[in-house]
Amino acid sequence: MTGGFGGTEAGSQDDFTRSVELTPDSARSAAFAHDFARSVAFTHDFTRRKAGRTVEVPGGFAVLNDRYPGSYDDNKLVIWSGDDPGAALKAADQVLAGYAHRLVNVDDDRLGRAYAPAFEAAGYTHETNLVMVFRGAFPHDAAPVEHLDLPALLPTLRAGWRETLPEATDDVIDQLARRMEERLRGADTVGFRGVRTEDGELAARADIYRNGAVTQIEDLYTGDRHRGRGHARTLMRALLAEAAGSELVFLLADADDWPKDFYERLGFEPVGHTHSFLRA
């Protein structure tokens, strides 16, 4: 998830980068491994910086935020080393005791596949994610998009989460919307961008985070009734134009869902897999 990482516990990026095995017999696979390590290190740094508090656990760390106990992303474990899934399961139960969920991100493909049987036996669902890096040409003719602030975002966020989670309580929906405030601490530059319809309704939105020469595009969302009209493409082209000059531009995508194909058509290429295990 080189330069620009700051403000977190010393060694977290270096430790992760050393855990990735580069393959000297292939320049392509070496480049993939380097970009994968650099991207995931960015996400680790972002996760730590926006956390309410952090706890070190075997093979990684946990983040907790008592302001948003219903937010999985703000209360989870992040692991990338270790050979004992039982230790990770025990740490999740200990650190997330009192929460109504258990989320463990495993940011190493080999480890994630190895841990899967034990986690699934313990009642966790398993999701595989792609780290995708932009390999195309940055657009120079992107249409302008709106720079959003949190007050403008909150109504749309609430509506989107209500659409996604129709059975959730109003308190949970509000937590999921307001947790965006925490993201402002996650990187040196954090921006929210959007595209509106002709009548002024926010049709698509996304985040852009930047530390030094690395940029992440995250949380692209288009409302159901606005899909298929080019809003997401317009927004992504604008974000890529904004990211021009970065050494590395990446995003995360579900390995089993269609948006990854959309990102590939825009010029993104998968460079590695991460894994998420959730028990709710």
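As shown above, the structure is provided for reference.
Rules behind the numbers
Residues numbered from 1 in each chain as written. Predicted model: local features only at pLDDT ≥ 70, side-chain atom pairs only at ≥ 80, totals over all residues. Heavy atoms only, no water. Helix = DSSP H or I, 4+ residues; strand = E, 2+ residues; numbered from the N terminus. Buried < 20%, exposed > 50% of the residue type's maximum accessible area, 1.4 Å probe, protein only. Axes fitted to C-alpha atoms, helices over the stretch in contact; angles between N-to-C directions. Parallel < 35°, antiparallel > 145°, perpendicular 65-115°, else oblique. Left-handed = near helix turned anticlockwise from the far one by under 90°. Contact = heavy atoms within 4.5 Å. Nonpolar A, V, L, I, M, F, W, Y, C, P; charged D, E, K, R; others polar. Phe/Tyr/Trp six-rings, centres within 6.5 Å; stacked < 30°, edge-to-face > 60°.

## Re the overall build of the protein
Next, step 1: Along its length, the protein carries nine helices and 11 strands.
Next, step 2: Counting every position in the protein, which comprises 280 residues, the buried fraction comes to 50%.

## Re the packing of helix α3 (residues 85-95) against helix α4 (residues 109-121)
Next, step 1: Close contact between α3 and α4 brings their axes to 9 Å; oriented N to C, the two are set at 50 degrees. When the axes of α3 and α4 are compared, the pair comes out oblique. Of the two possible hands of crossing, α3 and α4 adopt the one that is right-handed. Residues Pro85, Ala88 and Leu89 of α3 touch α4, and the partners they reach there are Tyr115, Ala118 and Phe119.
Next, step 2: Here the residues of the contact of α3 with α4 are counted per class, giving six nonpolar, no polar and no charged.

## Regarding the packing of aromatic side chains
Next, step 1: For the coordinates displayed, the defined rule picks out 10 aromatic pairs.
Next, step 2: Taking 4.2 Å as the distance between ring centres and 25 degrees as the angle between the ring planes, the aromatic pair formed by phenylalanine 46 and tyrosine 209 counts as stacked. Of this pair, phenylalanine 46 sits in helix α2 (residues 27-50) while tyrosine 209 sits in strand β8 (residues 202-211), placing them 163 residues apart in sequence.
Next, step 3: Plain terms: the ring middles of tyrosine 115 and phenylalanine 119 are 6.0 Å apart, the flat faces sit at 20 degrees to each other, and that makes the pair stacked.

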